[in-house]
Amino acid sequence: MEKPICPKCENTKVVKSGILGGRQRFKCKKCGYHFTVNKLGKSIDKYYVVKALQLYIEGISYREIERILGVSHVSVMNWVKQYKIKAPENYDYRPTYKVLNHTELVKFMAQKENLTDTGMLITELGDKFMIIKWERFKNR
């Protein structure tokens, strides 16, 4: 383990000072500040955080985002709260999506009926592509 740095004065001269909550506690020799090092845990690549938030803003549900990205829906909810994201409330449109590889995307875009009377967003998902389409609810 590399020697920790004091978060208050950024001095490298620190000594061990007991254990607190199962984590090593340190004391800075310069300023006398007690601190513990951050626990190393699993972190999710920021790419997935950004994609999850984009999909949420586009109107896709937490559980659908979980299925698409493989990230827990609870994590997505926490990111939405953390970044204070508000999804637009527009009930006139319904998003549908498809996940395609490059060849399938080219074939999809070649068909003219797929490009008319709809709004569409294409985003990258690793080695695949996601098409989000908005279709107007039909008035009866």
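On a predicted model such as this, the values are computed, not experimentally measured, just so you know. (Residues numbered from 1 in each chain as written. Predicted model: local features only at pLDDT ≥ 70, side-chain atom pairs only at ≥ 80, totals over all residues. Heavy atoms only, no water.)

Caption draft 1: Spatial organisation of the nonpolar core. Counting 16 residues, the largest nonpolar core has L55, I60, I65, I68, L69, W79 and M130 as its most contacted members. For this core, the domains that each give at least three residues are domain 2 (42–91) and domain 3 (92–139). Ignoring anything within four residues of it in the chain, the contact list for I65 reads A52, L55, Y56, I60, G70 and V76. Counting 5 residues, the second-largest nonpolar core is a separate cluster that includes C6, V14, F26 and C28. (Core = buried A, V, L, I, M, F, W, Y, C linked by side-chain atoms within 4.5 Å. Buried < 20%, exposed > 50% of the residue type's maximum accessible area, 1.4 Å probe, protein only. Domains from an automatic or database assignment. Contact = heavy atoms within 4.5 Å.)

Caption draft 2: Geometry of the sheet that holds strand β3 (residues 34–36). One open sheet holds the 3 strands; their spatial order is β1-β2-β3, and the pairing between them is antiparallel. Each of the sheet's edge strands pairs with one partner strand only, and the pair in question is β1 (14–20) and β3. Going from strand to strand, the sheet's axes swing by 35° on average, the running direction of each strand aside. (Pairing = 2+ DSSP bridges. Helix = DSSP H or I, 4+ residues; strand = E, 2+ residues; numbered from the N terminus. Axes fitted to C-alpha atoms, helices over the stretch in contact; angles between N-to-C directions.)

Caption draft 3: Highlighting empty space enclosed by the protein. All chains considered together, the criterion is met by 1 cavity of 30 Å³ or more. Computed from the structure, the largest cavity encloses a volume of approximately 30 Å³. Every residue along the wall of the largest cavity is listed here: K51, Q54, L55, E58, L121, T123 and I132. Of all the elements in the fold, those that place two or more residues in the lining of the largest cavity are α1 (46–57) and β5 (119–125). Among the elements that take part in the lining of the largest cavity, α1 stands out by supplying 3 residues, more than any other. Residue composition of the lining of the largest cavity, grouped by class: 3 nonpolar, 2 polar and 2 charged. Looking at which domains feed residues into the lining of the largest cavity, each of domain 2 (42–91) and domain 3 (92–139) gives three or more. (1 Å grid on protein atoms, 1.4 Å probe; cavity = no way out; pocket = protein on both sides within 12 Å on 5 of 7 lines; lining within 4 Å. Points joined across faces, edges and corners; volume = space filled by probe spheres on them. Nonpolar A, V, L, I, M, F, W, Y, C, P; charged D, E, K, R; others polar.)

Caption draft 4: Representation of α1 within the structure. In this model α1 runs 17 Å from its N-terminal to its C-terminal C-alpha over 12 residues, within 8% of the 16 Å that 1.5 Å per residue would give. Here α1 has its buried residues at V49, K51, A52, L53, L55 and Y56. Among the residues trailing α1, G59 stands out with phi positive, at a value near 100°. (Expected span 1.5 Å × (residues − 1).)

Purely geometric stuff here, so don't read any function into it on its own.
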